[in-house]
Amino acid sequence: MISIQGVSKKYGKFTAVDDINLEIKKGEIFGFLGPNGAGKTTTLKMMTGLLKINSGKISIGGFDISKEPLEVKKIIGYIPDRPYIYEKLTGKEFLDFVAGIYHVPYEKKEAKIKNLLLLFELDKWGDELIESYSLGMKQKIVMASNILHDPEVYIVDEPMVGLDPKSAKIVKEIFIDLGKAGKTLFISTHSLEIVETLCNNIGIIMNGKMVVKGTFKEVKEMAKTEKTGLEDIFLSLTGAPDLSNVLEHIK
Ligand SMILES: Nc1ncnc2c1ncn2[C@@H]1O[C@H](COP(=O)(O)OP(=O)(O)OP(=O)(O)O)[C@@H](O)[C@H]1O
Ligand SMILES: [Mg+2]
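Just so we're clear, the structure is a prediction, and the values are computed from it rather than from any experiment. (Residues numbered from 1 in each chain as written. Chains lettered and ligands numbered in written order. Predicted model: local features only at pLDDT ≥ 70, side-chain atom pairs only at ≥ 80, totals over all residues.)

A few points about the pairing of strand β1 (residues 2–11)
Rule in force here: Whether two strands pair depends on DSSP finding at least two bridges between them. Helical segments are the DSSP runs of H or I of at least four residues, strand segments are the runs of E of at least two, and each set is numbered from the N terminus.
As paired elements, β1 and strand β2 (residues 14–24) share seven bridges and run antiparallel to each other. Residue pairing for β2: Ser3 is matched across the bridge by Glu23. Between β1 and β2, which follow one another and run antiparallel, lie two residues, and Gly12 among them has a positive phi close to 65 degrees. Examined bridge by bridge, β1 and strand β4 (residues 55–60) share five bridges and lie antiparallel to one another. In the strand pairing of β4, Gln5 is matched with Lys57.

What follows is the structure, given as structure tokens:
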């Protein structure tokens, strides 16, 4: 469903993503991990057509994002790390606008919008301007707007940042259900718990390069650590922090 072949991205002379390859099957929930600045958001932005690819090729659902961007955009939902949305619309107006863009059938639209606002506990806020929403509420309305148009592929950047524990639980359940419904999810996250409970396959990117990819078991074998938790595996692959002089530095 998602094919990333030899993809690189440079910002000026700096290579942010360096020749990465990934194949994600339909119905897979893929966890994309890596330290801050590793190249995750850059990769997601190339997948969605927001950033131009320097070399290589990305196709989603058989469509090349560089050659057929509209076809790709019809079948994907993108939940970015920061929710930039139309602040002067109310929550309901924004969802109605998205439903219009994606041709959500008129007879289904009203009920869907109502149910999604209820699901994300935004029903009391539907008629308020988005500019009055908190960060977590904005993230939830973006998530609702994606589910509304029922994409085949979800591309999600840091879904849990800003969400309270109850909302995070709701989102986790939604992801599980979407996976069961055969949707493909590509999730960039720092939440190792999300990855352990949700993802069939994981990939770790570091300094723009894919360090490992595969199932949890395969990644563990590559990590050469006796420990079994994903945190230890992640630290073993990406480097554990030196905590010996922390107090010296903050004195
Ligand atoms: N617009 C830009 N111009 C120049 N450099 C950029 C730009 N966007 C990102 N970078 C650089 O590219 C690298 C990868 O950034 P990216 O945002 O993809 O990382 P990330 O893996 O998403 O990190 P995080 O976990 O902090 O979100 C970083 O070194 C960053 O400084
Ligand atoms: Mg990022």
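Side note on the environment of Gln5
Applicable threshold: Counts of 20 or more other C-beta atoms within 10 Å of a residue's own C-beta define buried residues, counts of 12 or fewer define exposed ones, and intermediate counts define partly exposed ones; C-beta atoms are placed from the backbone. Residues are scored as being in contact if the C-beta atoms we place from backbone atoms lie within 7 Å.
As for its placement among the helices and strands, Gln5 is situated in strand β1. The class for Gln5 is partly exposed, based on 14 C-beta atoms found within 10 Å. Sequence-wise, Gln5 and Ile20 are 15 residues apart; in three dimensions their C-alpha atoms are separated by 6.6 Å. Setting aside residues up to four positions removed in sequence, Gln5 forms contacts with Asn21, Gly56 and Lys57.

A closer look at helix α9 (residues 230–238)
Rules: Think of it as the arc spanned by the lines of direction from the helix axis to the C-beta atoms.
Turning to α9, its buried residues number three or more, namely Leu230, Ile233 and Phe234. One side of α9 carries all its buried residues, which in axial view fall inside an arc of 100 degrees. Here the buried face of α9 lies against β3 (29–33), α7 (192–198), β9 (201–206) and α8 (216–223).

Looking at the confidence of the model for the protein chain
The cut-off we apply is this: Confidence of the predictor at the level of single residues is given by pLDDT, which spans 0 to 100.
When pLDDT is averaged across the protein chain, the result is 92; 100% of the residues are at 70 or more. Across the protein chain, element-level confidence peaks in helix α1 (residues 40–47) with a mean pLDDT of 98 and bottoms out in helix α10 (residues 246–250) with 76.

Some thoughts on the packing of helix α3 (residues 91–101) against helix α5 (residues 135–148)
Note the following rule: For helices, the fitted line uses only the C-alpha atoms of the stretch in contact; every axis is such a line through C-alpha atoms, and the angle between N-to-C directions lies from 0 to 180 degrees. By the definition adopted for this analysis, an angle is roughly parallel if under 35 degrees, roughly antiparallel if over 145, roughly perpendicular if from 65 to 115, and oblique otherwise. Crossings are sorted by hand: turned counterclockwise from the far helix by less than a right angle, the near helix makes the crossing left-handed, and turned clockwise it makes it right-handed.
Where α3 contacts α5, the axes come no closer than 9 Å and their chain directions differ by 30 degrees. It follows that α3 is roughly parallel to α5 by the angle criterion. The handedness of the crossing between α3 and α5 comes out as right-handed. Each of Gly91, Phe94, Leu95, Val98 and Ala99 in α3 lies in contact with α5, whose residues at this interface are Ile141, Ala144, Ser145 and Leu148.

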